[in-house]
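Close look at the chain arrangement
These are the residues of each chain, in order.
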Amino acid sequence: MSRHPFVIAIDGPAASGKGTLARKIATRYGLPCLDTGLTYRAVAHAMLKQKLDMADEAAAVKIAETLDLSALDAAALSAHEIGEAASKVAVLPLLRHALVNAQRRFAANPAGAVLDGRDIGTVVCPDADIKLYIIADVEERAKRRCKEIVARGSAAVYEDILADLQRRDARDMNRTTSPLRPADDALLLNTTKLSIEEAFFAACKLIDAQKS
Ligand SMILES: Nc1ncnc2c1ncn2[C@@H]1O[C@H](COP(=O)(O)OP(=O)(O)OP(=O)(O)O)[C@@H](O)[C@H]1O
Ligand SMILES: Nc1ccn([C@@H]2O[C@H](COP(=O)(O)O)[C@@H](O)[C@H]2O)c(=O)n1
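Reading the values: rules and limits
- Residues numbered from 1 in each chain as written.
- Chains lettered and ligands numbered in written order.
- Predicted model: local features only at pLDDT ≥ 70, side-chain atom pairs only at ≥ 80, totals over all residues.
- Heavy atoms only, no water.
- Near = heavy atom within 4 Å.
- Polar contact = N/O pair within 3.5 Å; in protein donor to acceptor, adjacent residues only side chain to side chain.
- Areas by Shrake-Rupley, 256 points an atom, 1.4 Å probe, with all protein chains shown as cover.
- 1 Å grid on protein atoms, 1.4 Å probe; cavity = no way out; pocket = protein on both sides within 12 Å on 5 of 7 lines; lining within 4 Å.
- Sits in = over half its atoms within 2 Å of the grid points.
- Helix = DSSP H or I, 4+ residues; strand = E, 2+ residues; numbered from the N terminus.
- Phe/Tyr/Trp six-rings, centres within 6.5 Å; stacked < 30°, edge-to-face > 60°.
- Lys NZ or Arg CZ within 6 Å of the ring centre and 35° of its normal.
- Expected span 1.5 Å × (residues − 1).
- Buried < 20%, exposed > 50% of the residue type's maximum accessible area, 1.4 Å probe, protein only.
- UniProt positions renumbered as here; feature names shortened; annotations may be inferred.
- Contact = heavy atoms within 4.5 Å.

This part takes up the site of ligand 1. Neighbouring ligand 1 are 15 residues, the closest being Ala15, Lys18, Gly19, Thr20 and Leu194. Note that an oxygen atom of ligand 1 is positioned 2.6 Å from one of the side-chain N or O atoms of Lys18. In this structure, Arg118 approaches ligand 1 through a side-chain N or O atom, which is 3.3 Å from an oxygen atom. For ligand 1, the accessible surface in isolation is 620 Å², of which the surrounding protein chains cover 81%. Assessed atom by atom at 2 Å from the grid points, ligand 1 resides in the largest pocket.

Relative to the elements of secondary structure, Val61 occurs in helix 3 (residues 57-64). Taking C-alpha positions, Val61 is 29 Å from Ile161, a pair spaced 100 residues apart along the chain.

How two aromatic rings sit relative to each other is given by the distance of their centres and the angle of their planes. The final tally for this structure, using the stated rule, is 0 aromatic pairs. Positioned above the aromatic ring of Phe200, the side-chain terminus of Lys24 is 5.0 Å from the ring centre. A cation over an aromatic ring shows up here: Lys211 above the ring of Phe6, its NZ or CZ 4.2 Å from the ring centre.

In this section: helix 6 (residues 93-107). The end-to-end C-alpha separation of helix 6 is 20 Å, in line with the 21 Å expected for 15 residues at 1.5 Å each. What helix 6 keeps buried is the set Leu95, Arg96, Ala98, Leu99, Val100, Ala102, Gln103 and Ala107.

Now for the UniProt feature "domain: Cytidylate kinase" (unreviewed entry) in the chain. When the UniProt feature table is mapped onto this chain numbering, "domain: Cytidylate kinase" (unreviewed entry) sits at residues 8-200. For residues 8-200, the end-to-end C-alpha separation is 14 Å, with 53% helix and 12% strand making up the annotated structure.

The subject of this paragraph is the UniProt feature "binding site: ATP" (unreviewed entry) in the chain. Under the local residue numbering, the UniProt record ascribes the feature "binding site: ATP" (unreviewed entry) to Gly12, Pro13, Ala14, Ala15, Ser16, Gly17, Lys18, Gly19 and Thr20. Annotated residues from the preceding list that form part of the lining of the largest pocket: these are Ala14, Ala15, Ser16, Gly17, Lys18, Gly19 and Thr20. By the element assignment, Ala15 lies in the loop between strand 1 (6-11) and helix 1 (18-29). Filtering out sequence-adjacent residues up to four positions away, Ala15 remains in contact with Arg141, Arg144, Arg145 and Leu165. According to the relative accessible area criterion, Ser16 is buried, its value standing at 1%. Those residues in contact with Ser16 that sit more than four places away from it in its chain are Ile134, Ile135, Ala136, Arg141, Arg144 and Thr191.

Along the chain, Thr192 turns up in the loop between strand 5 (187-190) and helix 10 (196-211). Polar side-chain contacts of Thr192 include one of 2.8 Å to the backbone nitrogen of Asp137. Reaching out from Thr192, the side chain makes a polar contact with the side chain of Asn190 at a distance of 2.6 Å. Dropping the residues within four chain positions of it, Thr192 is found in contact with Ile135, Ala136, Asp137, Glu140 and Arg144.

In structure tokens:
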């Protein structure tokens, strides 16, 4: 009897810890993992390189249609300014449609999958078995992002990063198409006062309780 694919959706604002949790959860449950933010970052990065207007929807869709999800270079795409550009192209409905189709193909893996992003539990995989919505105070998220940028050898000014995250959160939450919001059946996890390991333990408790 074919096993029902076990899909875990992890959503939340920038730097809340979604990607870190998604990778650890995917390892623990033996599932493939997709950071859907990288798909928007890959399109934005290509548009920046080609000096295209971030509002050029036709160009964005053309780039999205050539994306190979198995070849997304997380290191090259993790730059803070690419995240900013990604949130600009992410408002384009036809681009979202193209990327959501690719993300759904990834989620259709027979064993299941873990996907993290902004609209996984609401749009990409509304029937996901588990939906986690990860939050943390924006001040804590700015601290984490600063630490991450400095660890990569770049400079980061806390006040600038804080303002960028607040702007990105607003853009993601207030856009018309697929705004960032928790699915009605999402399980909320506030990681503000949790270490990575504590957040992972709490997430696994939520998943195991839901599985049983
Ligand atoms: N609970 C935590 N406590 C402290 N630092 C954390 C915690 N979770 C993640 N981090 C760190 O915060 C930074 C951002 O984490 P991560 O990339 O997982 O966030 P994200 O929600 O996926 O961000 P984005 O949506 O911008 O990609 C990383 O450097 C990560 O190591
Ligand atoms: N499912 C998603 C994932 C991401 N976005 C947009 O991309 C930006 C970058 O995402 P990161 O997770 O790498 O920070 C993000 O700010 C969103 O605007 C999206 O719309 N849907």
